[in-house]
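A structural walkthrough
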Amino acid sequence: MKKNDISNVPLQKYYRLKWFLNALEKDLFTFQKPSTWDDPFEDFISKLTNSSKKAFVNGLNISNDIYAMSTINKRSECDGMWKNFANTTGVLIHTNSKKIIKSLISYLLDNGCCSNRNLYLGGQDVRNQLAGAIKLKKIDYRPDSDIAKLFKDATNHTLLDYNHLAFEMLSIKRMEYDYESEYRVFLVANLLGLEESLFLGAGYFKKTIDKIVLSPKVSQTRINRLTSVLINKYQMDKNIIETSKLYDLQYFKDRYDLWRILPINEE
């Protein structure tokens, strides 16, 4: 974390129920190739061509071997995030950057990463390899004009560090998405001895969970059933499971002692 200037920040991630249970079953985080992301402006630099005669290179495919996973850093729940990423039956998990990085390193070392003693002669070699292949970046939200300029500058410049450029460019999104407050975790598959696939599993998922928040729109019957499954099948601590109060008016009134306030015509 020191080598990559990563601070320990609280992170959250919304899941549709199917994908959350799948993550628990496999005890793995899921990483995707940037080319599979929904927003066509993400991984934008790999999709553009600079046809100028002055261009140093015409195009840059910067996302080879790189996988990413999105998380967010927000102080409160977000109605739009529930609707877009978790639907009516999904969940929100709370964790932090240190737990995710530690989980990834433990998983990779347990599965043979950096075990070749001819290549990794000591702990420093292992740390350097992991630091070069695991990144956590805060998303930088930019206007479209800035994004266009970044592409022009990158393809016209002869002295850029293209390894560094890849992570920087894959950590940029349009201003319209700044409400997400996203942090992105990156893995470089070929540096970690991981086989490439459309979806890459890595990290011990269950160890990173601090809290599980069930959807604010889920029925009480489903709450009871899911809570039982989480405790009995997946050995989750019942004390970290709660239901979102985002739309709960009674909870709001009780929390702020509003039930004591009389209507104006009764005062």
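The structure presented is a predicted model; accordingly, all values stated were derived computationally and were not measured.

So, unusual backbone geometry
Positive phi, normally seen in glycine, also occurs at Asn 87, with a value near 60°. You can see Asn 87 is positioned in the loop between α2 (79–86) and β4 (91–96). Its relative accessible area of 38% is what places Asn 87 among the partly exposed residues. In this model, Asp 257 sits at a positive phi of 60°, which is unusual for a non-glycine residue.

Remarks on the packing of helix α1 (residues 17–26) against helix α7 (residues 220–232)
Between α1 and α7, the least distance of the axes is 12 Å, while the angle of their chain directions is 15°. With respect to α7, the element α1 is oriented roughly parallel. At the point where α1 passes α7, the crossing takes the left-handed sense. Between α1 and α7, the residues in contact are Leu 17, Phe 20, Leu 21 and Leu 24 and Arg 222, Leu 226 and Leu 230, respectively. When its residues are assigned to classes, the contact of α1 with α7 shows six nonpolar, no polar and one charged.

Observations concerning α7
Here α7 spans 18 Å end to end across 13 residues, near enough to the 18 Å set by a 1.5 Å rise per residue. Along α7, the positions that sit buried rather than exposed are Ile 223, Leu 226 and Leu 230. What you see down the axis of α7 is that its buried residues fit within an arc of 75°, all on one side. Seen from the buried face of α7, the exposed residues on the opposite side, beyond 90 degrees, are Thr 221, Arg 225 and Asn 232. Where α7 is buried, its residues meet α1, β4, β10 (211–214) and β11 (241–243).

Side note on the side chain of Lys 13
For Lys 13, the position within the fold is in strand β1 (residues 10–15). Despite its burial, Lys 13 pairs with no opposite charge, the nearest such side chain being Glu 182 at 7.7 Å. Among the polar contacts listed, one links the side chain of Lys 13 to the backbone oxygen of Ser 70, at a separation of 2.7 Å. If we skip the residues at most four places from it in the chain, Lys 13 touches Met 69, Ser 70, Val 91, Leu 92 and Ile 93.

Reading guide: rules and limits
Note that residues are indexed from 1 along each chain, following the sequence as it is written. Given that this is a predicted model, residues contribute local features only at a pLDDT of at least 70 and side-chain atom pairs are listed and counted only at 80 or more, while totals for whole chains, interfaces and linings are drawn from all residues. For the side-chain quantities, the full set of heavy atoms in the structure was used; hydrogens and water were omitted. Going along the chain from the N terminus, every DSSP run of H or I of four or more residues is numbered as a helix, and every run of E of two or more is numbered as a strand. Burial here depends on accessible area, computed with a 1.4 Å probe over protein chains only, as a share of the maximum for the residue type. Under 20% is buried, over 50% is exposed, and the range in between is partly exposed. Inter-axis angles, ranging from 0 to 180 degrees, are taken between N-to-C directions of lines fitted to C-alpha atoms, where helices are fitted over the stretch in contact. Just so you know how the angles are binned, under 35 degrees is roughly parallel, over 145 roughly antiparallel, 65 to 115 roughly perpendicular, and the rest oblique. The sense of a crossing depends on the near helix, which, turned anticlockwise from the far helix by less than a right angle, makes the crossing left-handed and, turned clockwise, makes it right-handed. The criterion used for residue contact is that any of the two residues' heavy atoms lie within 4.5 Å. Three categories are distinguished: nonpolar for Ala, Val, Leu, Ile, Met, Phe, Trp, Tyr, Cys and Pro, charged for Asp, Glu, Lys and Arg, and polar for the others, with Gly belonging to the last. Expected helix span is taken as 1.5 Å per residue step, with the number of steps being one fewer than the number of residues. Working note: the arc is built from the helix axis to C-beta atom directions. In this tally, Asp and Glu contribute negative charge and Lys and Arg positive charge; neither His nor the terminal groups of the chain are included. Salt bridges are counted wherever a side-chain nitrogen of Lys or Arg sits within 4 Å of a carboxyl oxygen of Asp or Glu. Under the rule applied, a polar contact is a pair of N or O atoms within 3.5 Å (in protein, one hydrogen donor and one hydrogen acceptor; residues adjacent in sequence only if both atoms are side-chain atoms).

Note that every value here comes from positions in space, so none of it alone points to a role or purpose.
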